[in-house]
Amino acid sequence: MNEVEYQKHYYPGTRNELVARLREQLSKFRFEHVIRVEHTAVKLASRYGIDEEKASVAGLVHDYAKECSDEQFKAVIQSEHLDPDLLNWGNFIWHGEVGAWIIGQDLRITDQEILDAVRFHTVGAPHMTPLQQLIYVADFIEPGRDFPDVATARAVAQTSLEQAVVYETKHTLTYLMANDRPIYPAAIATYNAWIGKRK
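Presented here is an overview of the structure given in this document. This structure is a prediction, so every number in the text was calculated from the model and none was measured. (Residues numbered from 1 in each chain as written. Predicted model: local features only at pLDDT ≥ 70, side-chain atom pairs only at ≥ 80, totals over all residues. Heavy atoms only, no water.)

### Let's talk about the overall build of the protein chain
1) Next: Each helix and strand counted, the protein chain has eleven helices and zero strands in total.
2) Next: Starting at the N terminus, the α and β elements of the protein chain follow one another as α-α-α-α-α-α-α-α-α-α-α.
3) Next: Relative to its length of 199 residues, the protein chain is compact, with a C-alpha radius of gyration of 16 Å against a globular reference of 16 Å.
4) Next: With the principal axes as the frame, the protein chain shows a C-alpha extent of 40 × 40 × 30 Å.
5) Next: Within the protein chain, the fraction of its 199 residues that count as buried is 49%.
6) Next: Counting contacts in the protein chain only where the partners sit at least 6 residues apart, residues at least 24 apart contribute 63% of the total.
7) Next: Surface exposure of the protein chain reaches about 9900 Å², of which carbon and sulfur atoms provide 50%. (Helix = DSSP H or I, 4+ residues; strand = E, 2+ residues; numbered from the N terminus. Rg over C-alpha atoms; globule rule 2.2 N^0.38 Å. Buried < 20%, exposed > 50% of the residue type's maximum accessible area, 1.4 Å probe, protein only. Contact = heavy atoms within 4.5 Å. Areas by Shrake-Rupley, 256 points an atom, 1.4 Å probe, with all protein chains shown as cover.)

### Observations regarding the pattern of salt bridges
1) Next: Applying the stated criterion across every chain yields a total of nine salt bridges.
2) Next: Glu142 is paired through a salt bridge with Arg36; the nearest N and O atoms lie 2.6 Å apart. In this pair, Glu142 is assigned in the loop between helix 8 (130-141) and helix 9 (150-159) and Arg36 in helix 2 (residues 28-48), connecting sequence segments 106 residues apart.
3) Next: Asp111 serves as the salt-bridge partner of Lys54, at 3.4 Å between the closest nitrogen and oxygen. Here the residue Lys54 occupies a position in helix 3 (residues 52-61), and Asp111 occupies one in the loop between helix 6 (99-107) and helix 7 (112-120), the gap between them amounting to 57 residues. Just as Lys54 is buried, Asp111 falls in that class too.
4) Next: Each of the salt bridges in this network shares a partner with another, and the network as a whole consists of Lys54, Asp111 and Glu113. (Salt bridge = Lys/Arg side-chain N within 4 Å of Asp/Glu carboxyl O.)

### Examining the packing of aromatic side chains
The relation between two aromatic rings is expressed through the spacing of the ring centres and the mutual angle of the planes.
1) Next: According to the stated counting rule, one finds three aromatic pairs in the structure shown.
2) Next: Taking the centre distance of 5.7 Å and the plane angle of 40 degrees together, the rings of Phe73 and Trp94 count as tilted. Note that Phe73 is positioned in helix 4 (residues 70-79) and Trp94 in helix 5 (residues 91-97), a separation of 21 residues in sequence.
3) Next: Overall, Phe73 belongs to the buried group, its relative accessible area being 0%.
4) Next: Residue class for Trp94 comes out buried when judged on its relative accessible area of 2%. (Phe/Tyr/Trp six-rings, centres within 6.5 Å; stacked < 30°, edge-to-face > 60°.)

### Thoughts on the nonpolar core
1) Next: Within the largest apolar cluster, 67 residues are counted, with the highest numbers of intra-cluster contacts made by Leu18, Val57, Ile109, Leu134 and Val137.
2) Next: Filtering out sequence-adjacent residues up to four positions away, Val57 remains in contact with Tyr6, Tyr10, Tyr11, Leu18, Ile109 and Ile114. (Core = buried A, V, L, I, M, F, W, Y, C linked by side-chain atoms within 4.5 Å.)

### Considering the packing of helix 6 against helix 7
1) Next: At a minimum axis distance of 8 Å, the contact between helix 6 and helix 7 shows a crossing angle of 145 degrees. The handedness of the crossing between helix 6 and helix 7 is right-handed. Counting all contacts with helix 6, which are made through Gly99, Ala100, Ile103 and Gly104, the residues of helix 7 involved are Leu115, Val118 and Arg119.
2) Next: Tallied by class, residues from the contact of helix 6 with helix 7 come to four nonpolar, two polar and one charged. (Axes fitted to C-alpha atoms, helices over the stretch in contact; angles between N-to-C directions. Left-handed = near helix turned anticlockwise from the far one by under 90°. Nonpolar A, V, L, I, M, F, W, Y, C, P; charged D, E, K, R; others polar.)

### Let's talk about the side chain of Asp63
1) Next: As for its placement among the helices and strands, Asp63 is situated in the loop between helix 3 and helix 4.
2) Next: A polar contact of 3.5 Å, which involves the side chain of Asp63, links it to the side chain of His62.
3) Next: The residues contacting Asp63, other than those within four sequence positions of it, are Leu26, Arg30, His33, Val34, His95 and His121. (Polar contact = N/O pair within 3.5 Å; in protein donor to acceptor, adjacent residues only side chain to side chain.)

### Overview of helix 2
1) Next: In a regular helix each residue adds 1.5 Å, so 21 residues correspond to 30 Å; helix 2 covers 30 Å between its end C-alpha atoms and thus fits that length.
2) Next: Taken together, the buried positions of helix 2 are occupied by Arg30, Phe31, His33, Val34, Ile35, Val37, Glu38, Thr40, Ala41, Val42, Leu44 and Ala45.
3) Next: Looking one or two residues past helix 2, Gly49 carries a phi angle of roughly 70 degrees, positive in sign. (Expected span 1.5 Å × (residues − 1).)

### Details of helix 4
Counting along an α-helix, one turn takes 3.6 residues, and residues three or four places apart therefore face a common direction.
1) Next: Of all the residues in helix 4, the buried ones are Phe73, Val76 and Ile77. The buried residues of helix 4 occupy an angular sector of 100 degrees when projected down its axis, which confines them to one face. Away from its buried face, by an angle of more than 90 degrees, helix 4 presents the exposed residues Glu71 and Gln78.
2) Next: In the core, the buried residues of helix 4 are packed alongside helix 5 and helix 6.
3) Next: One or two steps after helix 4, the chain reaches His81, where phi turns positive at roughly 55 degrees. (Arc of directions from axis to C-beta.)

Written out as structure tokens, the structure is:
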């Protein structure tokens, strides 16, 4: 796949420079994941007429904060006066919700749609732009994912981005309930908003 040449300055540098930052920040496992998510996101962007440069940047940075320590996340929540309920959760929630703030600071990304795509990529949101939908979906279906029904999820993403959001949301909540895991309130709000969009 051809790499996206950055021209719109969503990230204040080239794609190669951003990739280099990520290589320094992330483990090999996580770095390879974000590259796959970027490629998946750009393909979906091309399919659905979404800004491919935004898709590239958002796909690359969505897990930028994934390997930050709990102490780092808690310090940001407290110093930036973020929702104190965040302290009751963990990395799965923090690397999106708090990670968006960290990305803005560390990478000097100011585009709110990209930052919200990071914020929403784990639990979604009742209202998501097409870019935010595709990052939510690309993270779920990238080629390294291997879970029951992933082939169905990928097929749905090729026919309807909205239906892919619905499928992923139902799949994730079903998994959490089956494993007696707590569900972040925003994930329930996502489900309630998107379930009405099913065919």
